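# Summary of the model geometry
For reference, the chains in residue letters:
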Amino acid sequence: MAAHKTPSSLPRRQRHPAQDAYNITALVLQGGGALGAYQAGVYESLAEAGLHPDWIAGISIGALNAAIIAGNAPEHRVERLTEFWETICKSALWPDRPALPWPEGLNLPQLFRDGINTLAAWRALTEGQSGFFRTRLPPPLLPWHGTPATVSWYDTAPLRATLERLADFDRINDARTLRVSIGAVNVRTGNFAYFDNRKETLRPEHFMASGALPPGFPAVEIDGEYYWDGGMVSNTPLYRVLTERPHRDALIFQVDLWSACGALPRDLGSVAERAKDIQYSSRTRLVTEYMHQSREQQQLLHDLMQLVPEGKRGDPAFRRAQRYANGALTNLIHLIYRDKPYEGHYKDYEFSATTMREHWQSGLADMRHTLAQPHWLAPPDPENPFVTHDVHRGPDHD
């Protein structure tokens with residue numbers, strides 16, 4: 001993360017030339033709690049390369065990272081992300097132990113790391129995290145907790161103060177500079193909702209609602225309705241970005257924190273971990289494969305419609321077909337956090353400073369490795385309008 005060099009020393013570059021081939025550069029951030037430091041590392045690498053998104057879409061911790069990125073000028077974003085993560089990776093009650101000064105590359109016994117990480121997760125559950133959430137007193141089991149905003153184990157009021165301190169909401173709502181979309185679910189209707197700075201004024205509660213995972217965090221009221229974490233319905237806003245109209249050529253960086261693939265569980269702890277992986281990965285691969293097939297069909301329809309004579313284009317059937325045709329080109333760069341051997345089912349609420357920095361470094365390294373393949377940023381050709389690349393499994397189309 002930025003601790004190894006100050007954000008102010010990062011090279012300031014102009015917009016990356018690869019972006020000129022696209023109408024949109026989007027950054028899509030999945031939910032995943034403490035794993036979200038991986039996304040911050042990914043963003044630091046993008047900033048180094050001068051790849052600045054035009055659109056950020058996020059859910060849960062991805063929405064909180066989006067708030068910090070969108071709420072600051074490009075030259076200050078890594079610095080503010082660093083401050084955000086260093087803030088929330090401290091105990092809400094007691095001084096944290098300092099991050100252990102382990103030499104880089106030192107392999108500690110897994111049992112030792114398991115114990116340290118379990119302790120950090122236990123502290124998060126019992127003490128809360130500074131600037132993020134604190135234990136609710138009195139606890140919600142008592143009868144006078146009678147509203148959706150108080151029925152939870154933790155109080156997220158500290159998060160509001162952190163967002164207001166580290167993000168400029170006037171800048172967040174300047175949709176001319178950067179589009180921001182965040183997902184949540186309406187508690188009353190169960191319907192998924194997207195809050196978008198092109199359609200409404202975003203406030204801290206919109207971002208807090210996106211990360212309000214029950215029963216830990218309370219529902220957040222917005223304009224008379226209560227909302228929970230969008231990850232309960234879909235933990236990635238990728239589909240939203242891919243189906244945006246009007247269709248435009250897009251370079252999309254999809255940053256996931258959960259992998260749908262994993263080892264077979266051998267104990268109850270690994271059962272809980274695999275269940276989370278499967279639930280919160282939101283089948284990004286499935287969405288990607290579906291959209292790949294759909295986009296090829298839309299491109300074919302688009303090409304066939306060019307063969308219709310001008311005199312026939314006023315026909316109602318042609319007008320209906322126009323709604324489904326799509327000649328846009330999509331390049332999807334996919335990054336997925338890879339679990340470490342010592343991480344368990346608590347990895348999404350293990351907020352130790354040491355682990356946070358490891359997550360950050362993983363994202364930084366993965367994105368740097370990705371950008372070392374410059375041809376991956378090139379736009380696809382019309383015969384193959386939707387391409388994906390993944391540093392961990394190689395490109396689908398090269």
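None of the values given here were measured: they were computed from a predicted structure.

## Quick look at the overall build of the protein chain
Helix and strand counts for the protein chain come out as twelve helices and eleven strands. Split into buried and exposed, the 398 residues of the protein chain put 53% on the buried side. Of all intrachain contacts in the protein chain linking residues separated by at least 6 positions in sequence, the fraction that spans at least 24 positions is 75%. With the model as given, the accessible surface of the protein chain reaches about 18,300 Å², and the carbon-plus-sulfur share is 56%.

## Digging into the environment of Tyr337
Tracing the backbone shows Tyr337 in the loop between strand S10 (330-336) and helix H12 (353-371). Its relative accessible area of 1% is what places Tyr337 among the buried residues. In contact with Tyr337, other than residues within four places in its own chain, are Leu35, Tyr38, Asp256, Leu257, Glu343, His359 and Ser362. For Tyr337, the side chain forms a polar contact with the side chain of Glu343, separated by 2.9 Å.

## Brief notes about the confidence of the model for the protein chain
Looking at the protein chain, pLDDT values average 87 and 89% of them are 70 or higher. Long-range and interchain partners of residues 2-13, a stretch whose pLDDT sits below 50, account for 27 contacts in this model, where long-range means more than four residues apart. Long-range and interchain partners of residues 394-398, a stretch whose pLDDT sits below 50, account for 14 contacts in this model, where long-range means more than four residues apart.

Definitions and limits used
Residues numbered from 1 in each chain as written. Predicted model: local features only at pLDDT ≥ 70, side-chain atom pairs only at ≥ 80, totals over all residues. Heavy atoms only, no water. Helix = DSSP H or I, 4+ residues; strand = E, 2+ residues; numbered from the N terminus. Buried < 20%, exposed > 50% of the residue type's maximum accessible area, 1.4 Å probe, protein only. Contact = heavy atoms within 4.5 Å. Areas by Shrake-Rupley, 256 points an atom, 1.4 Å probe, with all protein chains shown as cover. Polar contact = N/O pair within 3.5 Å; in protein donor to acceptor, adjacent residues only side chain to side chain. pLDDT = per-residue confidence, 0-100.

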